Amino acid sequence: MNERAIANASSRPRLAAHRRLRFDKIRESWTIQAPERAFLLDESAHAIVLRCNGETTIAAIVDDLCKAFAGAPRDVVATDVLKLVQDFLDGGVMTQ
Amino acid sequence: MSALQPPMALLAELTHRCPLQCPYCSNPLDLARAGKELGTQEWLRVLGEAADLGCMQVHFSGGEPAVRRDLELFVEGAAKAGLYTNLITSGVLLDGPRIARLADAGLEHVQLSFQDSGADGANRIAGFTGHAKKLEVAAQIRGAGLPLTANFVVHRQNLSHLESMIDLAVAIGAHRTEIAHVQYYGWALRNRGALIPTRAQLEHSTSVVEAARARLKGAMLIDYVVPDYYAQRPKACMGGWGRRFLNVTPSGKVLPCHAAESIAGLSFENVRDRPLAEIWNSSEAFNIFRGVNWMPEPCRSCERAEIDWGGCRCQAFAVTGDAARTDPACALSSDHADLVDIAITESAAAAEEFVYRRYSALEPAG
């Protein structure tokens, strides 16, 4: 049985197999479609998920987001990214 | 009242035909015969209309959806229309090659039902010897790289095996398990005396699920559906009537939930007569219990009106004979004490015989 994966700065998260990042034209929102779950992503969640490609570490994702959203405090961004990734790991949406 | 939102998902009941005869089947007592089923082109049109209307996912269900030889075409058509596809199956008609074809067609996920943790109990409850086959099919689904949900419908006659069911789900590599207490409409209402758990059983099952969730956090999701005969507040059935889901029956009727045909006096429009979007937006059967304006007191002024959306209309009808009454599962309903009495009395009587789900089971003699 798989152990629970815990996200940290050196994790390289990505969407698990058969979880799809899609733009919903009717709702004008990015979504993740997963088994019997659908998540509507706000702008910041989408920015995080887009960078979770299985190669980039969470530390690098946080750096990149701080550049993209100038002025965002690094500790706040880091907390947000870790929380989102951990929730998606626990929900089977992401793997690392 | 907020503007009407598009539906999240379509439940496509491709057929009522099924080798299994589970006594709690969610299909109506009056099962549709093969000759009444929508054809291939009709279903493909409905899938396209559902995607255009805003559905993000389609759940192929039944009966047993694999009875339809054109299932692969529906998966392919849905995927091309941009729908995320889910197959809800007993598994007994699947094999490795067919699962591979479904995966190639764009299938994203399979929900596989089990009737108990062991073969003897499972085969008796299903009225069909299929448990061993299901275990093979589970391995074939995982072998095709598809995410797997193990579904267990639980009741008085299998709840003592709940821990083994969760162990089985882990053993077959399920990423998610659904533990669903029977909901009492249709066939399950007919078999309520043989199925309804005691209050002690329910409390024990809830504690087993909570312990398993803590133990398996991050390894396997567990979704848990409780029976609300013993509850204080009703479930937000379907997330609200006509609010998030729509259901198309094998013969093309469009329902706000899969049990809605159990409500006498409601009539449902058909995809053969009218586009899906028009039915969703303006059919009487969808609008009658939409939102909060239809609600009687104490629901209408209740602070939970837009949390539980008045609970379950089918249950209100099944227990009180009036679909517009307060859901008797709510402790504020004047019918609630009767509901609790039913649960306590019928569970203590401990009847074991089932009326199995069959086409002929309820047809009048002669």
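See the structure printed just above.
Residues numbered from 1 in each chain as written. Chains lettered and ligands numbered in written order. Predicted model: local features only at pLDDT ≥ 70, side-chain atom pairs only at ≥ 80, totals over all residues.

### Things to note about the overall build of chain B
Here's step 1: In terms of helices and strands, chain B carries 14 helices and nine strands.
Here's step 2: Computed over the C-alpha atoms, the radius of gyration of chain B is 20 Å, within 12% of the 21 Å expected from 2.2 N^0.38 for a compact globule of 366 residues.
Here's step 3: Counting only C-alpha atoms and orienting by the principal axes, one finds that chain B spans roughly 55 × 55 × 45 Å.
Here's step 4: The burial tally for chain B puts 51% of its 366 residues in the buried class.
Here's step 5: A sequence separation of at least 24 residues applies to 74% of the contacts in chain B between residues at least 6 apart. (Helix = DSSP H or I, 4+ residues; strand = E, 2+ residues; numbered from the N terminus. Rg over C-alpha atoms; globule rule 2.2 N^0.38 Å. Buried ≥ 20, exposed ≤ 12 C-beta atoms within 10 Å, placed from the backbone. Contact = placed C-beta atoms within 7 Å.)

### Quick look at the interface of chain A and chain B
Here's step 1: On the side of chain B, 20 residues touch chain A, which itself brings 19 residues to the contact.
Here's step 2: Per-class residue counts for the side of chain A that touches chain B are seven nonpolar, six polar and six charged. (Nonpolar A, V, L, I, M, F, W, Y, C, P; charged D, E, K, R; others polar.)

### Quick look at the nonpolar core
Here's step 1: Grouped together as the largest cluster of nonpolar side chains are 103 residues, with contacts concentrated most on L10, L47, A50, V58, L83 and C314 of chain B.
Here's step 2: Counting 17 residues, the second largest nonpolar core, distinct from the first, contains V62, L84, V85 and L89 of chain A. (Core = buried A, V, L, I, M, F, W, Y, C linked by C-beta atoms within 7 Å.)

### Observations concerning the sheet that holds strand β3 (residues 29-34) of chain A
Residue and element names in this part refer to chain A.
Here's step 1: Taking strand neighbours across the sheet as the criterion, the three strands line up as β2-β3-β4 in an open arrangement whose pairing is antiparallel. Among the strands making up the open sheet, the edge pair consists of β2 (20-24) and β4 (37-41). Ignoring which end each strand starts from, the neighbouring axes of this sheet average 30 degrees apart.
Here's step 2: For β2 and β3, the ladder comprises five bridges, and the chain directions are antiparallel. (Pairing = 2+ DSSP bridges. Axes fitted to C-alpha atoms, helices over the stretch in contact; angles between N-to-C directions.)

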